[in-house]
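If you want the building blocks of each chain, they are given just below.
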Amino acid sequence: MHAYAANVYTTVTEELSKAAERRFIAVEQEFFRLWWDTVATDTLKRQVRQLVKEGRLEFVLGGQVMHDEAVTDLEDEILQMTEGHGFLYETFGVRPQFSWHVDPFGASATTPVLFALAGFNAHVISRIDYDLKDGMQKDKKLQFVWGGSRSLKEKQLIFTHTMDQFSYCTPSHLPFSNSSGFYWNGVALFPDPPKDGVYPNMSLPVTKETVHAYAKTMVENIKQRAAWFRTNHVLWPWGCDKQFYNSSVQFSNMDPLMKYINQNSKQFGVTVQYSTLGEYFQAVHQSELIWEQRGSEDFLPYSTEPHQAWTGFYASRNVLKGVARRASSQLHAAETLFTRYRICFPDGPVAKDWALDKLRALRWAVSEVQHHDGITGTESPEVADMYLQHLTQAMMDVEELLAALFLLPHGLDTSDITGSLYGKTDVDEGLEQHVIVYNPLAWNITTIINTTVTFPHATVFDDDGQPVPAQIQQSAHSNATFDLFMLVELGGLQHRKYLIKLSEKLCSQKSECGWTYRAKGVLFERRGVGGSPRTGRRLLPVLNECYRLMFDQDTNLLHSITHLQDKRRVRMTQDFWEYHANGDTKAGPISDNYIFTGNSSAVRAYKAVQMEIIPGKVVTEIRQLFFREESDRDYAFSITTRVPECYGSRVRCHRLEQTYSLGPLRLNTEVVLRSSTSLKNNQTVFTDDNGYQMMERKHRMFINNTIARNFFPMVRTAYIADALSRLVLVSDRAHGVSSQANGQLEVMLHRRLWNNLPWNLGYNLTLNDSSVVRPALWVTLGSVNTTSKLYQREAIELQHRPVVMAIDQPEKPRQVKEPRKGSPSLPVVLPPNLHLLSFSIPGWNYSSDHHVHLRRVQSGQELRSEPDYSRVLLRIMHIFEEGEDAELSKPVTINMKEVLQGVGEVKVLEERSLTGTWDIGSLQRWKWKTTNSHETDDKRQQGSAEFNVTIAPKEIRTFFVQFEARNF
């Protein structure tokens, strides 16, 4: 910010104002907003407004950041775009219409869908596989119309421009100079600029003596590029990373060079002009050519050369990836809870400005970490620590907000919320603690939650005073604590309070004991790898209503899973393997933050396994500890599997919850969880693009680097399948996955690397990550038909688990009150194939009538007005593909008034573009002629009644909702 970004915006604004023909595009909003709020003077702000109005400063993309495309979740991509777009629209009345996604490491098919739904007319990408780009260049296929979703058809088609082999930077080679060319401002210095104004690596100035040589070099490059495109317009990006911070030097050299080429255009055969992205795409659109239409395939993974597969970052900095997703989940919970609070209790004691400030800080932190050098783990440790600090601080503040929303009286019930509600209690019975559990999803759920207590005995009661099925057992990681599992039932967007009665001594009567089961473990002795040649002879079953899991006492490993309904047994083991990375560039290709180089197959990462099984009535837990050496005291890895045992309840028995522990790893190792099964999947794995859609990943052979080039990003979901069964994993954070052998699914969970590549050493990008990581995967096994109904919802339920908040410390019981009957609020419940993607109060204050808002912006008054607390942003997504399930893949019609009646009375429902800045009725995106064009009716399906909405497979519908005011 100090050495570079602020100077870009200050000097570019000044330089554009000096000459009418100059242009500039600004992309990411985080730095621009920091500059606007903390650096820009009133004069600069006036100049920016004028430049934007004239179209000479063009905002493209417009999100907070240029988000990564491989390891980001669509909910977070939408959030960061909405944040940036809201600021731009409120401040300038502009809505970006072109993307600039030139630096993410591979291109997802979800990104063009989201950009189309946000109102974009064209999309720019660059980093795709080197050999694929070579072929597209030769065939003039770098430009095409992309239909990223199989289900959405024409409404999401977008013209896509792929940067050629020179990518998004000006070519720097000059045949007449040893300095790099076209970069006259040189390289920025930190922390302060040089006193003499001379920066390192400044290009040779454009003078009478050099102008012809410069012009010749530039024209040759333009003509080389022109041969790869179909129109006679060539996009020539001028700039690169960290450029234009001293833009007076840039423009004073660019101007005479361009003037010279245009004065000699007959000789050169080229004319040049400054252009925004919008002006370029306008020219291409007017060419009226017919373009090739690509389907929903993506451009992942990405390789830059045979030994450089950018598949390592799918797993780099596992802790950061986990915290980023946890922060996103907490934000969603807090947004929904605050929105409901504001509608139900507009005059409640939780101060709205205080609450919105806390939410905005977490929105900012979650948005910024989506950057393509953020959540990817490709930054230096100092920058990773900054992201973590921003996330954790904002999460702590939002935790405070959640507590306030749960605890402060709402104006209806002023009783002490922590007062005991639960029948007569003998003071000698021990201590009491209260826990609030909130379901942030718009589905009713029955699930098992886990809380840690410091007493060996506990009974649990719900807010009606009824006993709750529970189980208590010794914690795995501490002799001083206990895991308390509770069966909870919650309506959509509902919270309930539970009472936990804690005691040091065993209860004596049934009435005191409640429904808590005290579970005890059975320990199995440590077994060495290959210790017994006759495995599979001593199998131990763990059963529930869905599965029979068999564990082998000769290895302490999983042996098989039988799906009881389908009566199909699948052989399956799970254990840890590691790839050994090379750290010496002289010895061959390396692995680093970005790149994974599997020089040889993975090797087993352990020599012995210990197992403990804790049979239970709520869950049965299997703890497997993996030791590097048979005699090691400490384990290196662990798998904890929880099998739900709640017979007769609505708990989902197919969900096997697994958590893992890995680290610190040995240096230059990359560890995978390998699930080896009897499924005949032909090494094909399916992984999700950003949690939006599944992509088929067939194993491919390459001359070099076959292992690494067959790893793919998993954001939420991965599965392997054959004709009869499917093994599904859903995840709480992003990983790299692969099927390196038939029936095998590898998930790369952690990496620790060091290498001597000078560039990596210079930027401290060697990934010497010594952390202990504890990711979670939920495992489901079943027929294709059964799992098709489940995996999307499972992934969402893992991402948005109930919020569990202890609201007091264990203490002596207080005075007794009558139990309060009934749940505190009505549930909000959507059909099982619809997901409430967003339910928030953005706070942006702009008229939803564009012309009214534009008049206000152009009146020149400073627009920092009060946040709008009455406008609710609502998004609903259909989570199934067309044809995926006979019933669940059908379009669904809902009445929004009825769906939201548990929150309040809907007064106005207004459909908007994805980021909220367009009224959907006025959004007319450019149409592009394609090889399979046919006119389609792209009208939204609105039901007959005013508040009826029909949502088709994979649609995301966005609305502004106004509720009737409530007065108490």
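Residues numbered from 1 in each chain as written. Predicted model: local features only at pLDDT ≥ 70, side-chain atom pairs only at ≥ 80, totals over all residues. Heavy atoms only, no water.

With an unreviewed UniProt entry as reference, the protein is termed Alpha-mannosidase, source organism Takifugu rubripes. Listed in UniProt under the heading Sequence similarities (unreviewed entry), the comment for the protein reads: "Belongs to the glycosyl hydrolase 38 family." (UniProt positions renumbered as here; feature names shortened; annotations may be inferred.)

A few points about the packing of aromatic side chains
In total, this model carries 56 aromatic pairs according to the counting rule given. For the ring pair Tyr579 and Phe596, a centre distance of 5.2 Å and an interplane angle of 75° mean the geometry is edge-to-face. With Tyr579 in strand E20 (residues 568-580) and Phe596 in the loop between E20 and strand E21 (603-604), the pair connects residues that are 17 residues apart, well separated along the chain. The class of Phe596 is buried, set by a relative accessible area of 0%. Members of the aromatic cluster, each reached through a chain of ring pairs, are Phe105, Tyr302, Trp310, Phe313, Tyr314, Tyr594, Trp759 and Tyr763. (Phe/Tyr/Trp six-rings, centres within 6.5 Å; stacked < 30°, edge-to-face > 60°. Helix = DSSP H or I, 4+ residues; strand = E, 2+ residues; numbered from the N terminus. Buried < 20%, exposed > 50% of the residue type's maximum accessible area, 1.4 Å probe, protein only.)

Remarks on the sheet that holds strand E23 (residues 619-627)
Sheet strands line up and pair through hydrogen bonds in the backbone, either parallel or antiparallel. Taken together, the ten strands give an open sheet; going across it, the order is E16-E22-E23-E24-E25-E34-E31-E30-E27-E28, and neighbouring strands pair in antiparallel fashion. Edge positions in the sheet fall to strand E16 (522-528) and strand E28 (693-697), since each of these pairs with one other strand and no more. Between one strand axis and the next, the sheet turns by 20° as a mean value, whatever way the strands run. As judged from the five bridges shared by strand E27 (residues 685-689) and E28, these two strands associate in the antiparallel manner. Along E28, the bridge assignment pairs Asp689 with Gln693. With respect to the sheet, helix H17 (residues 784-799) is in contact with E28, strand E30 (717-721), strand E31 (726-731) and strand E34 (776-782), its orientation differing from that of E31 by roughly 10°. (Pairing = 2+ DSSP bridges. Axes fitted to C-alpha atoms, helices over the stretch in contact; angles between N-to-C directions. Contact = heavy atoms within 4.5 Å.)

Focus: the pairing of E30
Counting buried positions along E30 yields four of five residues, so the element is predominantly enclosed. Examined bridge by bridge, E27 and E30 share two bridges and lie antiparallel to one another. Counted as the bridge partner of Thr687 is Ala718 from E30. Two elements, E30 and E31, share five bridges in a ladder whose sense is antiparallel. When the bridges of E31 are listed, Ile720 appears paired with Leu727.

Section: unusual backbone geometry
Geometrically, the link from Phe190 to Pro191 is a cis peptide bond, its omega value of 5° lying close to zero. Residue position: Pro191 is located in the loop between strand E5 (158-162) and helix H7 (211-226). Omega for the bond connecting Gly663 with Pro664 falls within 30 degrees of zero, at -10°, which places this linkage in the cis form. Here Pro664 lies in the loop between strand E25 (656-662) and strand E26 (669-677).

Remarks on the pattern of salt bridges
Pairs may arise between side chains of opposite charge once their charged atoms sit close together. Per the stated rule, a full pass over the model turns up 46 salt bridges. The partner of Asp298 in a salt bridge is Arg697, with the nearest N and O atoms 2.9 Å apart. Of this pair, Asp298 sits in the loop between strand E6 (293-294) and strand E7 (303-305) while Arg697 sits in strand E28, and the two are 399 residues apart along the sequence. The same class applies to Asp298 as to Arg697, namely buried. In this structure, Arg793 engages Glu797 in a salt bridge whose closest nitrogen and oxygen atoms are separated by 2.8 Å. Residue Arg793 and its partner Glu797 are both found in helix H17; the two are separated by four residues, about one turn of the helix. (Salt bridge = Lys/Arg side-chain N within 4 Å of Asp/Glu carboxyl O.)

With respect to the state of the cysteines
According to the stated counting rule, one finds two disulfides in the structure shown. Disulfide pairing is shown between Cys169 and Cys240; the S-S distance is 1.9 Å. Residues Cys169 and Cys240 are joined through a disulfide that is right-handed, its torsion about the S-S bond being 60°. Of the two residues, Cys169 sits in the loop between E5 and H7 while Cys240 sits in the loop between H7 and helix H8 (247-263), which places them 71 residues apart along the sequence. The disulfide bridge from Cys546 ends at Cys653, spanning 1.9 Å between sulfur atoms. Every disulfide takes its handedness from the sign of the S-S torsion; for Cys546 and Cys653 that torsion is 55°, giving right-handed. One end of the pair, Cys546, is in the loop between strand E17 (539-543) and strand E18 (547-552); the other, Cys653, is in the loop between strand E24 (637-644) and E25, with 107 residues separating them in the sequence. Across the pair, Cys653 and Cys546 agree in class, each one buried. Looking at Cys646, it has no disulfide partner, and the nearest cysteine sulfur is the one in Cys653, 10 Å off. (Disulfide = S-S within 2.5 Å.)

Structural notes on the side chain of Glu670
With respect to the helices and strands, Glu670 occurs in strand E26. A polar side-chain atom of Glu670 sits 3.0 Å from a polar atom in the side chain of Ser591. With residues near it in sequence (within four places) discarded, Glu670 still touches Trp577, Glu578, Tyr579, Ala581, Ser591, Phe596, Met748, His750, Arg751 and Leu753. (Polar contact = N/O pair within 3.5 Å; in protein donor to acceptor, adjacent residues only side chain to side chain.)

Re the sheet that holds strand E4 (residues 143-146)
The sheet built from four strands is open, its strands ordered E3-E5-E4-E6 with mixed pairing. Of all the strands in the sheet, just strand E3 (122-125) and E6 have a single pairing partner and so form its edges. Two elements, E4 and E5, share four bridges in a ladder whose sense is antiparallel. By the bridge assignment, Phe144 is partnered in E5 with Thr160.

Observations regarding the pairing of strand E22 (residues 608-614)
Most of E22 is tucked away, with six of its seven residues classed as buried. Sheet topology note: the E16/E22 ladder contains five bridges and is antiparallel. When the sheet's bridge partners are listed, Arg527 is paired in E22 with Val609. Where E22 lies against E23, seven bridges are found, and the strand directions are antiparallel. If you follow Ile613 over to E23, its bridge partner there is Ile622. Linking two consecutive strands that pair antiparallel, namely E22 and E23, is a turn of four residues.

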